[in-house]
Amino acid sequence: MSSESALRPQPAPKGAAVVVVGGGVTGLSAAWWLAQAGVDVLVLEKGIVGWEASGRNGGGATHAVSPLFREEQRLWPMMDELLGYPTEYQPYRIRVALNESQLAQHRRMTQLAVSQGFETELLDPKALRELVPLVGDTVAGGIFCRYGGHANPQRTVQAYAWALQDRGGRIVQHAAVHDITLRNGRAVSVETSQGSFGCEALVLAAGPQTALLAGRLGVEVPIAPARAEMIVTEPVPVMRHGGVDGGGLYGRQTLRGNLAYGGGPHEWLEAQDLQPRRAATSPVMRSLARRMRDLFPKAAHVRVIRSWAGIVENTPDGRPILDRLKNPENVVIATMSSVGFGLSPASGRAIAQLAVDGRCNFADLRQLDLARFAGLAADWRERRGWVPWSPSGADNLMVES
Amino acid sequence: MPGASAAAQGRGIDPTSIAGKRFATRPHVPLVVVGAGPAGLAAALEAARLGIATLLVDENPVGAGLMGMDVPWHFGGRMDASVQNSGRLIERVAESRPDLAAAYELGIDVQLGVAAWGAFANGPTSASYARPIIGLADERRSWLQTFDCLIVAAGARDVPVAFPGWDKPGVMGARAFHALVSEYRAFSGRRLVVLGGGVVGIQAALAARRASLEVAGVIEVDAAPRAPAALLEQLRAEGVQLHLGQSVRALRGKAEVEGVVLADGAELSCDTVVVAVDVAPTIELLDVLGCACRYRAELGGYVPVVDEDGRTTRPEVFAAGDCAGVTDAALADPQRAAGAGRRAALAAAAVLGMLAPEQAASRIATLPPASRAAPADREGPRQRWLAAALAAGGDELVVCQCEDVRVRDLVGIRPPRYLKYAEAAFAGRNLHALAVDGPINQDQIKRLTRAGMGQCQGRRCRDQVQSLLAAHSNVSPGDIPLASYRAPVRPLPLGVLADRDEGPEMRDNWSAWFGIAAQWQPHWEKPSDDPAQILAPHYHLAEK
Ligand SMILES: Cc1cc2nc3c(=O)[nH]c(=O)nc-3n(C[C@H](O)[C@H](O)[C@H](O)COP(=O)(O)OP(=O)(O)OC[C@H]3O[C@@H](n4cnc5c(N)ncnc54)[C@H](O)[C@@H]3O)c2cc1C
């Protein structure tokens, strides 16, 4: 935190009423909602919009556990029209069960949405095979969810970015915020690699770097970053519904026909600084391929053409922090705790309201406040093993049979 | 159990994370050499003579399935039926590389028909490898191999050059042509036109003549020949005509190539067009490993940052031969690549502790020095070919075959045609406008337009997309950051990539997403951090 000296020049005029730090889906959606409401808004992004987790995820938009679920479900079918650019959004999900116990698990999870008034339909193996011809002959069945969906991550990011520019909002890329200036208990400007930007209100939606920035305000945001990866195949004939997952995997078939899936072990990383780094993929991709082959035995010959990884942050309970701080009181903290793509239409709206009105009028965000972590032990990451791990000797290798 | 030590220190372990997972690997080898061309073979021989146990892999002969996808080179469907017989092809590849016999004799573990599809080592976003690992595969299965040192001698790849009709079968690349004609003896064409009057093009024409193929002509966009006089003399002696200041205006033929129409209207009939304007370094594995790469126009594009002995920015990884940079001198004389291979092997021997650093240095000093001749400009001719293609094909020219991306789609950053979108919204959207918001990045454009996203893994488009992005944002090609390579750098069937030896640590702790119990509890329930909950079965298949 740099406190202002009387001799320093006033904050540069190039700021905005609301400055959003972070051009991922969370920050861009918030900025788009603000621009829609006629607020003068500016997004600062250290790289390219959507360059981190927001452009590298599974595209899933089905989060029945979240207080933002209802709004997520209400908004997605309208997003292409609201934004004016295609997001590749497709409704519905199909949960494939390879055995009876998986079917029971899917039932339990989908019950969450059913209890909130959404519909599901049990699919027997024959009905499932008609919808998802790639599944095998021994599949136990599935559940068709008449809710949820998926979209294309980078396309969605770009749609937010362009829509926000179309409504008068601004985006400055390649501007890394490294400090925040306070005056009279308010954040008045952010300091970046491209100079200072003044603000009346500030939104920190910087993904894994949110902790670092909040730290400049003396506010501790407990998050741990981790790397997660996915693989994608060449295109196969397009199925009626692409949002098919199960067998320990999440993912989707793109409208082009590619099968993109993830799951399995993540890798915890050190707290993230502002250095750009490309997240690497790992031999875990072979375990992903194995599970894709088991989920889609009829696609065993289909070729994997690429993999990618992204870095996401998690809070200790895995739930987002969407909170307007008490001090400085013009700052909103927004981290989605590793599940933020699908919720972005709703999270952005909530953040915009927090920034302008101080409260969200369509969802109960009380469980998502920062105060719930007040008593957290300083070594919470170590206690949970949410820290980088290195094998000693050669103990993570075994000679294959 | 790896977890035990952490627990003993009073630290938790996250069972759904990478901690404690094991990867099944083949028995360790100190040195892996990728590529059994002149550089890789020389490196392996040098290492073996120093007593280093060496694994030498080469993806030749490439499987018929991959050839059909134009991977790793642009085969253009010009394989004959003999490519179905992989045993016979292996024999032919071995015959075409006499030094392989010496490698077998020295006890080098030579594996032909084995492709390196990935490489994994500790770096800025991964710390979980006990040793660096390379991913290998043949047609039937994939496996992992640990190593201490890696010498990448992956050679050169085709550089695509579009022209109207270049997506028809019968249009192929120079590297693929070399494989089919000189190594596999499995080329199905009879009469060809060669594009490119530089060393690459003339070598292709001469190879064709040696194989008793007809060469209808060599086409060069520049008004003056780009190849050394001696090569031009050989071409003349073969009676092959060099058409200077020409390019392809159109292709003749419906289903396949039947001929070309030149810019001046002249027509040449042929069944194959060999695009031999240039070749470029094959840096896939090096980029995947995180070795720094820089654009060097005079070395054929992005190349690894290396010193004279081929050391990359990773201490255990070396690059030798064409994959470290393509020059006319090296293309004309394989001994240069061999020298680079030997230098890399000696430097690697020092890393492996098989030679003292001074010993390695003094042996390297006895080798002929790396060439210091100023290399020729490789970017200019490529740009002029592209300009000619744009003049002939205009906005409708296909730049990415897999995803059917035209010039206008790329320049206009248009979504693929199967998406519905409002054309009006895109009216002001194009590369120029996007460049106002910051430098153009090829990976970003790939995700928006799909150019380079297809099953050939961008092989038939990456260079010309890079050039077009540069031209439309008023920068030079080297200002466009390298479009990232990702494993698997060869398209592998799910059933081949699949880990058949997965350990119980992986299986029993598999979770679709982080195994954080409260994350999958409904928001109206108080978050639980009960560790027993975390591995409760339904979290393994957690919905996202
Ligand atoms: C492999 C994978 C699969 C996933 N699958 C799904 C899924 O199916 N469904 C789902 O809902 N979610 C999924 N997620 C999670 C989802 O991608 C993220 O939760 C979401 O993208 C977070 O968006 P964000 O905008 O909050 O953060 P980010 O995308 O991390 O964006 C933060 C931005 O802030 C910028 N920034 C950081 N620091 C600074 C600074 N100091 N100055 C300026 N800019 C800064 C960064 O460059 C970045 O662009 C997945 C994630 C991964 C990695």
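A. Highlighting the overall build of chain A. A tally of regular secondary structure across chain A gives 10 helices and 19 strands. The C-alpha radius of gyration computed for chain A amounts to 22 Å, which stays within 12% of the reference 21 Å derived for 401 residues, consistent with globular compactness. Judged by the C-alpha coordinates and their principal axes, chain A covers about 75 × 55 × 35 Å. Sorting the 401 residues of chain A into buried and exposed places 67% on the buried side. For chain A, the exposed surface amounts to about 13,600 Å²; the carbon and sulfur share of it is 51%. Put simply, chain A has 42 plus and 38 minus side-chain charges, and the middle of one group is 3 Å from the middle of the other.

B. Main features of the interface of chain B and chain A. Taken together, the contact between chain B and chain A spans 109 residues of the former and 108 residues of the latter. Where chain B touches chain A, the interface holds five salt bridges. Between Arg286 of chain A and Asp499 of chain B there is a salt bridge whose closest N-O contact spans 3.6 Å. Put simply, chain B and chain A have 54 residue pairs in polar contact (both at pLDDT 80 or more) between them. Taken together, the residues of the side of chain B that touches chain A sort by class into 53 nonpolar, 28 polar and 28 charged. Relative to strand β22 (residues 492-493) of chain B, strand β16 (residues 303-314) of chain A is paired through two bridges, and the arrangement is antiparallel. Considered in β22 of chain B, the bridge of Val304 of chain A is made with Leu492 of chain B.

C. Structural detail: the domain arrangement of chain A. All names here are of chain A. Domain boundaries in chain A define domain 1 (11-59 + 154-223 + 316-383) and domain 2 (91-147 + 224-314). Of the residues lining the interface, 22 residues belong to domain 1; the matching set on domain 2 comes to 19 residues. Carbon and sulfur atoms supply 57% of the area that domain 1 and domain 2 bury against each other, a total of about 1,700 Å² over both sides. In this assembly, domain 1 and domain 2 are joined by zero salt bridges. Counting across the interface, domain 1 meets domain 2 through seven residue pairs in polar contact (both at pLDDT 80 or more). For the side of domain 1 that touches domain 2, the secondary structure elements donating two or more residues are β8 (177-183) and α10 (380-384). Its residues assigned to classes, the side of domain 1 that touches domain 2 shows 10 nonpolar, nine polar and three charged.

D. Region of the structure containing unusual backbone geometry. The peptide bond linking Asn327 of chain A to Pro328 of chain A adopts the cis configuration, its omega dihedral lying at -5 degrees. Cis geometry is adopted by the peptide bond preceding Pro72 of chain B, which originates at Val71 of chain B and carries an omega value of 0 degrees. On the secondary structure map, Pro72 of chain B appears in the loop between α3 (64-68) and α4 (86-96). If you check the backbone angles, Ser338 of chain A has positive phi at about 70 degrees while not being a glycine.

E. Spatial organisation of the nonpolar core. Membership of the largest hydrophobic core comes to 178 residues, with the highest contact counts inside it found for Ile151, Phe177 and Tyr184 of chain B. In contact with Phe177 of chain B, other than residues within four places in its own chain, are Met172, Ser182, Phe187, Leu192, Ala204, Ala208, Leu213 and Val274 of chain B. Counting 44 residues, the second-largest nonpolar core is a separate cluster that includes Ile231 and Met285 of chain A together with Ala137 and Met506 of chain B.

F. Molecular detail of the sheet that holds strand β11 (residues 242-244) of chain B. All names here are of chain B. In space, the five strands of this open sheet follow the order β8-β15-β9-β10-β11, with parallel pairing throughout. Looking at which strands have only one partner, the edges of the open sheet turn out to be β8 (171-173) and β11. Each neighbouring strand pair of the sheet contributes to a mean axis angle of 25 degrees, computed without reference to strand direction. Sheet topology note: the strand β9 (residues 191-195)/strand β10 (residues 214-220) ladder contains five bridges and is parallel. Bridge pairing in β10 places Arg191 opposite Glu214. Those strands touched by helix α7 (residues 199-210) are β9, β10 and β15 (272-275), and its axis lies near 175 degrees from that of β10.

G. How the structure looks around the pairing of strand β13 (residues 250-253) of chain A. Alternating residues of β13 of chain A divide into Tyr250 and Arg252 of chain A and Gly251 and Gln253 of chain A, and every residue in both groups is buried. Hairpin connection between β13 of chain A and strand β14 (residues 259-262) of chain A: a loop of five residues separates the two successive antiparallel strands, and Gly257 of chain A in this loop has a positive phi of roughly 115 degrees.

H. How the structure looks around the pairing of strand β12 (residues 248-252) of chain B. Residue and element names in this part refer to chain B. Alignment of β12 against strand β13 (residues 259-262), held across four bridges, turns out to be antiparallel. Of the residues in β13, the one forming a bridge with Arg252 is Gly259. Joining the antiparallel neighbours β12 and β13 is a turn of six residues, in which Gly253 adopts a positive phi near 120 degrees.

I. Broad picture of the environment of Val302 of chain A. With respect to the helices and strands, Val302 of chain A occurs in the loop between α8 (284-295) and β16. Taking the C-alpha atoms as reference points, Val302 of chain A and Pro235 of chain A, 67 residues apart in sequence, are found 8.3 Å from one another. Non-local contacts of Val302 of chain A, meaning those with residues more than four positions away in its chain, are made with Thr233, Glu234 and Val236 of chain A together with Leu492, Pro493 and Leu494 of chain B.

J. Geometry of the packing of aromatic side chains. Within this structure, the stated rule accounts for 24 aromatic pairs over all chains. One aromatic cluster is present, built from ring pairs that chain together Tyr250, Trp268, Trp380 and Trp386 of chain A together with Trp513 and Phe514 of chain B. Its guanidinium or amino end placed over the ring of Tyr92 of chain A, Arg146 of chain A lies 5.5 Å from that ring's centre, counting from NZ or CZ. Sitting above the plane of the Trp33 of chain A ring, Arg349 of chain A keeps its charged end 5.6 Å from the centroid.

K. Just the confidence of the model for chain B, in detail. Per-chain confidence: chain B averages 93 in pLDDT, with 95% of residues scoring 70 or above. Predicted confidence for residues 534-544 of chain B stays below pLDDT 50, and this span has 42 contacts to residues more than four positions away or in other chains.

L. Structural view of the side chain of Ser337 of chain A. Assignment of secondary structure puts Ser337 of chain A in the loop between β18 (331-335) and α9 (344-357). Sequence-distant contacts of Ser337 of chain A, that is, excluding residues within four places in its chain, are made with Glu313, Asn314, Thr315, Gly318, Arg319 and Pro320 of chain A together with Gln519 of chain B.

M. Expanded view of the pattern of salt bridges. Taken as a whole and assessed by the stated rule, the structure comprises 59 salt bridges over all chains. Residues Arg186 of chain A and Glu329 of chain A are paired through a salt bridge, measuring 2.5 Å at the closest nitrogen-oxygen approach. Of this pair, Arg186 of chain A sits in strand β9 (residues 186-192) while Glu329 of chain A is found in the loop between β17 (321-324) and β18, placing the two residues 143 residues apart along the sequence. A residue is classified by how much of its surface remains accessible, and Glu329 of chain A, at 31% relative accessible area, is partly exposed. When salt bridges with common partners are traced through the structure, they connect Glu396, Asp404, Arg406, Arg408, Asp409 and Arg417 of chain B into a single cluster.

Here is what the cut-offs are and how they apply
- Residues numbered from 1 in each chain as written.
- Chains lettered and ligands numbered in written order.
- Predicted model: local features only at pLDDT ≥ 70, side-chain atom pairs only at ≥ 80, totals over all residues.
- Heavy atoms only, no water.
- Helix = DSSP H or I, 4+ residues; strand = E, 2+ residues; numbered from the N terminus.
- Rg over C-alpha atoms; globule rule 2.2 N^0.38 Å.
- Buried < 20%, exposed > 50% of the residue type's maximum accessible area, 1.4 Å probe, protein only.
- Areas by Shrake-Rupley, 256 points an atom, 1.4 Å probe, with all protein chains shown as cover.
- Lys, Arg positive; Asp, Glu negative; His and termini not counted.
- Charge placed at Lys NZ, Arg CZ, Asp CG, Glu CD.
- Contact = heavy atoms within 4.5 Å.
- Salt bridge = Lys/Arg side-chain N within 4 Å of Asp/Glu carboxyl O.
- Polar contact = N/O pair within 3.5 Å; in protein donor to acceptor, adjacent residues only side chain to side chain.
- Nonpolar A, V, L, I, M, F, W, Y, C, P; charged D, E, K, R; others polar.
- Pairing = 2+ DSSP bridges.
- Domains from an automatic or database assignment.
- Buried area = accessible area lost by both parts, 1.4 Å probe.
- Core = buried A, V, L, I, M, F, W, Y, C linked by side-chain atoms within 4.5 Å.
- Axes fitted to C-alpha atoms, helices over the stretch in contact; angles between N-to-C directions.
- Phe/Tyr/Trp six-rings, centres within 6.5 Å; stacked < 30°, edge-to-face > 60°.
- Lys NZ or Arg CZ within 6 Å of the ring centre and 35° of its normal.
- pLDDT = per-residue confidence, 0-100.

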